[in-house]
Amino acid sequence: MNITSKLPNVGTTIFIVMSALAKEHHAINLSQGFPNYPSSQKLNDLVTNAMNNGYNQYAPMAGNLDLRLAIAHKYQLLYKSTYHPEKEITVTAGATQAIYTIISAFIRRNDEVIMFKPAYDCYEPAVEINGGKTIPVQLSAPNYKVNWDKVASKISSQTKMIIINSPHNPSGTIWSKDDMLQLQKLTRNTDIIILSDEVYEHIVFDDAQHQSACLFEDLKQRSFICASFGKTFHNTGWKIGYCCATEALMVEFRKVHQFNVFSVHHPSQKGIADYMQDPETYLGLNTFFQRKRDLFLSLISESRFKFQPSQGTYFQVLDYSEITDESDVDFAKRLTVDFKLASIPLSVFNTNNQDDKVLRFCFAKTDETLVKAAEILSKI
Ligand SMILES: Cc1ncc(COP(=O)(O)O)c(C=O)c1O
């Protein structure tokens, strides 16, 4: 039997490669983006209560209503932005499913989708499998600043969507208000849809403000905002997220969503809804992760790695150009095998694997793990 792959260029992801290598060599794993400490006992208990109180059958297609009300409340509280809980918010199986479903609902053959590289790895295959074309805009270390003239030059009559991601995985940079205004100006009077991946919205440091797409009225009208409870509540394995958009966009989203997953794990939704009644559960994240970032960076301040402190997300990129001229993939592998510390080389997220000699380290780890990792980095 002949199988013709629809995604011939997709192989094993770097996350699987590095985690397998970390396991084989008993290395500390700062490669994949997940916490190595427990999620909240209170939240776990609320999910158990939901199971014991009958939330065991299909949730409504768009999500448990209490959860959609809690999400709507959050947008009012943080951004003074209104999303109708019944018409403009849908709960999804993680942000990944929201992203895939948005792309499937709107991207047709030969539609162009602009995305900024380095880019989180689920965007491009979703565009490709739906027949679309990725139009990359490469950003570079150390600042990953957007050249808006370059973006303008990539927009064509075929441009259907622009995917943005702030706070940004993998670089740990955030977009400014000016970036968002530039994007708004560029897309005004077009039919371009914005997919705004905001999964790290609550992890922004040094008193900076997250510039959500919903804060800019014209952008809001054309944007899907994607979010992930896994990132917010330290439970990436639950795979619960959501997206918000205007009713007209959401109608199209739900046409695909209802035949894709229909609805997602009900007791978790109810538990999260109850947990979110206290906004501190998400407002406290900045402080929680800023302390971890600062601990990690203070411990490696004497090392030969160069860095600018992460502005958001739970990732820190480190420049190793003063240590070796090896490729980032080779150096990341050597660091894992010889020094027992796993990271992610950034080139795998770049156009033509551009190699800026930087590695990404996840600091959503116990202090003990961070101390051990920093000891290794300081010795190299
Ligand atoms: C930028 C970005 N978007 C989306 C996701 C996926 O989120 P989820 O686990 O909720 O599917 C991740 C997870 O690492 C991410 O870093």
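As recorded in an unreviewed UniProt entry, the protein goes by Methionine aminotransferase and comes from Winogradskyella thalassocola. Checking UniProt for the protein, the heading Cofactor (unreviewed entry) contains the comment "pyridoxal 5'-phosphate".

Draft legend 1. Fine view of the layout of surface pockets. Put simply, the largest pocket is a space of about 680 Å³. Asn9, Val10, Asp121, Glu124 and Val348 are, among the 23 residues lining the largest pocket, the residues nearest its centre. Those elements that place two or more of their residues in the lining of the largest pocket are strand 3 (112-117), helix 5 (123-129) and strand 4 (133-138). In terms of residue count, the dominant contributor to the lining of the largest pocket is helix 5 (4 residues). Within the lining of the largest pocket, the residues separate by chemical class into 10 nonpolar, 9 polar and 4 charged. Counting only domains with at least three residues in the lining of the largest pocket, you end up with domain 1 (14-39 + 281-378) and domain 2 (41-278). Each pocket or cavity is described by its volume, and for the second largest pocket that value is around 460 Å³. Of all elements in the fold, only helix 4 (94-106) and helix 9 (229-232) reach the threshold of two or more residues within the lining of the second largest pocket.

Draft legend 2. The arrangement of the domain arrangement of the protein in detail. On domain assignment, one finds that the protein holds domain 1 (14-39 + 281-378) and domain 2 (41-278). Taking only C-alpha atoms into account, the centre of domain 1 sits 25 Å from that of domain 2. If you look at the interface, domain 1 gives 32 residues, while domain 2 gives 41 residues. Interface area, domain 1 with domain 2, both sides summed: about 3,300 Å², of which 56% is carbon and sulfur.

Draft legend 3. View of the environment of Phe106. Along the chain, the position of Phe106 falls in helix 4. As a C-alpha pair, Phe106 and Ser40 span 66 residues in sequence and 37 Å in three-dimensional space. Apart from residues no more than four positions distant in its own chain, Phe106 is found in contact with Asp111, Lys160, Met161, Ile193, Phe224, Leu249 and Glu252.

Draft legend 4. Just the UniProt feature "domain: Aminotransferase class I/classII large" (unreviewed entry) in the protein, in detail. UniProt feature "domain: Aminotransferase class I/classII large" (unreviewed entry): in the numbering of this structure it lies at residues 27-375. Taken end to end, residues 27-375 comprises 40% helix and 15% strand; its first and last C-alpha atoms sit 13 Å apart.

Definitions and cut-offs
- Residues numbered from 1 in each chain as written.
- Predicted model: local features only at pLDDT ≥ 70, side-chain atom pairs only at ≥ 80, totals over all residues.
- Heavy atoms only, no water.
- UniProt positions renumbered as here; feature names shortened; annotations may be inferred.
- 1 Å grid on protein atoms, 1.4 Å probe; cavity = no way out; pocket = protein on both sides within 12 Å on 5 of 7 lines; lining within 4 Å.
- Points joined across faces, edges and corners; volume = space filled by probe spheres on them.
- Helix = DSSP H or I, 4+ residues; strand = E, 2+ residues; numbered from the N terminus.
- Nonpolar A, V, L, I, M, F, W, Y, C, P; charged D, E, K, R; others polar.
- Domains from an automatic or database assignment.
- Contact = heavy atoms within 4.5 Å.
- Buried area = accessible area lost by both parts, 1.4 Å probe.

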